[in-house]
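# Examining the three-dimensional arrangement
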Amino acid sequence: MSQVDQFADLESFREARHEGPTHLVISEHPLFRRFWYAIGFSSEFEARPERRRVLSQDIVVWRPSEGAPVSVAYDRCGHRDAPLSLGEVVDCRLVCMYHGWEWDADGTTQRIPQFPDSRIPVKSSLRMVNSDEKYGMVWVCLADDEEGGPIAGIPPLPEYSEEGWRVIPERAWEFECSAMHLLENNFDPGHVSFVHANSFGDRNNPELTDGTAERTDYGILMKADVPVRARPGETGESMRISLSKFYAPFFGSIRTTFPDGLVQVMVKAITPIDDFRSVNVQIVLRNDKESDMPASKVLAFDDVAEDEDKVILNSLPKEFPIARHLNAHAHADRTSLAIRAVWQEMMLGRFVPTYED
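Residues numbered from 1 in each chain as written. Predicted model: local features only at pLDDT ≥ 70, side-chain atom pairs only at ≥ 80, totals over all residues. Heavy atoms only, no water.

### Observations regarding the layout of surface pockets
- Reported here for the second largest pocket is a volume of approximately 400 Å³.
- Around the second largest pocket, the lining is made up of 18 residues, and of these His181, Glu184, Leu316, Asn327 and Arg340 lie nearest the centre.
- Those elements that place two or more of their residues in the lining of the second largest pocket are helix 3 (179–186), helix 5 (295–313) and helix 6 (334–347).
- Residue contributions to the lining of the second largest pocket peak at three residues, all from helix 3.
- Residue composition of the lining of the second largest pocket, grouped by class: seven nonpolar, six polar and five charged. (1 Å grid on protein atoms, 1.4 Å probe; cavity = no way out; pocket = protein on both sides within 12 Å on 5 of 7 lines; lining within 4 Å. Points joined across faces, edges and corners; volume = space filled by probe spheres on them. Helix = DSSP H or I, 4+ residues; strand = E, 2+ residues; numbered from the N terminus. Nonpolar A, V, L, I, M, F, W, Y, C, P; charged D, E, K, R; others polar.)

Next comes the structure, spelled out in structure tokens:
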């Protein structure tokens, strides 16, 4: 039974004795390596190798040829340690810029130009990383077979392939805060009226309706009504109905239904760059048409919101306080406490999220 299920009310849950470390530092828990993380949009990875950083590990991403799946490896040449992301792709092979060694899409060494007919060292093959492309994004899982490989699939997003929905790829916004801070912020309705007061929040109407947070096999299912200003291009106020899914450890989808029938799903694929930096690779799904609301306006609106969040998130303490007694908690923090309970149970080995892509 989870911690959330053990307590009948918020007060008893809030005052429960804490177990384990007081702060959550991702690098101290190998379990986090066993999940899939988005590192960018598929369109970003074309003719040249690109460097990314996930869980403090530098990786190189390249597409061997047009239309081929991406290949991903640790960004280090086994010969003399040069970053492979400084190289190039020639004739479907990744070429190191230091000595010109070449590898195929599977990371197997194919050519050493100084002595092309000599034996190729076994250790020269690249250390590859699990990779996949889904929802227009590139995903990686750092855990190899010895670590048990991926513990769950890429979180499901049924609307992506359903008829009647359009997809708006937005951006990969980088933050100077932990993935926990970033994820928690995105599921916190209480900050909207204040952090986003210049865009869609309303300081004069900060009160919330009483939402719910239900534990699931994948994390948490949340329901809430949030009063906000009208959408871009409109006037007045509206109440948005949100159905949000938190897929542990750091993926979320926020499905918002507006009074006029518009439904928008905001997909937040949050990836830890390291312990204290993170990135949100975001797409939006909507059941309207481009003529109703141009994608450029949707993106411009979300650019403003992300910049507003950055002002706060980039100024928070670097370490994430998982122990309840380190912060004050009110009734509006029920969802945040439930999310923190999931992470604490993962740290203690009491909860392993499961979901199928």
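Further notes follow.
### Re the sheet that holds strand 10 (residues 130–134)
- In spatial order, the strands read 2-11-10; together these three strands make up an open sheet with antiparallel pairing. Two strands bound the open sheet, and with one partner strand each, they are strand 2 (37–41) and strand 10. Across the sheet, the mean angle separating the axes of adjacent strands is 30° when strand polarity is ignored.
- Bridge count between strand 10 and strand 11 (residues 137–141): five bridges; the pairing is antiparallel. Its bridge partner being in strand 11, lysine 134 is matched across the sheet by methionine 137. (Pairing = 2+ DSSP bridges. Axes fitted to C-alpha atoms, helices over the stretch in contact; angles between N-to-C directions.)

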